[in-house]
Amino acid sequence: MANAASGMAVHDDCKLKFLELKAKRTYRSIVFKIEEKQKQVIVEKVGEPTQSYEDFAASLPADECRYAVYDFDFVTAENCQKSRIFFIAWSPDTSRVRSKMIYASSKDRFKRELDGIQVELQATDPTEIGLDVIRSRAS
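Computed from a prediction, not measured in an experiment: that's the story for all the values here.

Conventions we followed
- Residues numbered from 1 in each chain as written.
- Predicted model: local features only at pLDDT ≥ 70, side-chain atom pairs only at ≥ 80, totals over all residues.
- Heavy atoms only, no water.
- Buried < 20%, exposed > 50% of the residue type's maximum accessible area, 1.4 Å probe, protein only.
- Helix = DSSP H or I, 4+ residues; strand = E, 2+ residues; numbered from the N terminus.
- Pairing = 2+ DSSP bridges.
- Expected span 1.5 Å × (residues − 1).
- Core = buried A, V, L, I, M, F, W, Y, C linked by side-chain atoms within 4.5 Å.
- Contact = heavy atoms within 4.5 Å.
- Salt bridge = Lys/Arg side-chain N within 4 Å of Asp/Glu carboxyl O.

A. Here's a closer look at the pairing of strand β4 (residues 66-75). Within β4, 8 of the 10 residues are buried, leaving the element largely enclosed by the surrounding structure. Where β4 lies against strand β5 (residues 81-90), 10 bridges are found, and the strand directions are antiparallel. Among the inter-strand pairings, F74 is bridged to a residue of β5, identified as K82. The hairpin turn running from β4 into β5, its antiparallel successor, is 5 residues long, and N79 in that turn takes a positive phi close to 70°.

Structure (structure tokens):
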């Protein structure tokens, strides 16, 4: 079902993979891509549960927009093991203007399809999604 505002549909696989990440912790991360010709958001790749945050961040393309979800584990000041599910809207400065516009206009609807997002970040360069940023936003 396409959205009138952006015209982007969300492939069922996006929701299924997200549920697996959230409920079963089958994946550490999911990177989503808008397939412009098919006018839908699809799963581009998934990260195994052992994937480090650095590997995930390095897997985002330097000059193309993406949506990504990352399940971040951390230990609180009280020594409790916790996790937060981050939604990252990756829109590097070097990506095409048209691409940035499509991703920006489709983001809210796509995010609504993924029930359970706890923290949202928008980033235009790698420093905005550094591990220190993720840690500070998680707690």
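B. Structural detail: helix α1 (residues 12-24). Compared with the 18 Å implied by 1.5 Å per residue over 13 residues, the 17 Å span of α1 between its first and last C-alpha is a close match. Immediately beyond the C-terminal end of α1, within one or two residues, lies R25, with a positive phi of roughly 55°.

C. Quick peek at the nonpolar core. In terms of nonpolar packing, the biggest core is built from 21 residues, with F32, Y67, V69 and F110 touching the most fellow members. When contributions to this core are tallied by element, the ones reaching two or more residues are α1, β2 (29-35), β3 (40-47), β4, β5 and α3 (97-113). Leave out the neighbours within four places in its chain, and F32 touches C14, V41, I42, V43, E44, R66, Y67, A68, V69, Y103, F110 and L114. With 17 residues, the next largest nonpolar core counts Y70, F74, W90 and A138 among its residues.

D. Structural view of the pattern of salt bridges. Under the counting rule described, the total for this entry stands at 14 salt bridges. As a salt-bridge pair, D12 and K15 come within 4.0 Å of each other at their nearest N and O atoms. In this pair, D12 and K15 are both assigned in helix α1, 3 residues apart and thus about one turn of the helix distant. When its relative accessible area of 28% is taken as the criterion, K15 is described as partly exposed. Between R109 and E113 there is a salt bridge, with the nearest N and O atoms lying 3.4 Å from each other. With R109 and E113 both in helix α3, this residue pair falls 4 residues apart, about one helical turn.

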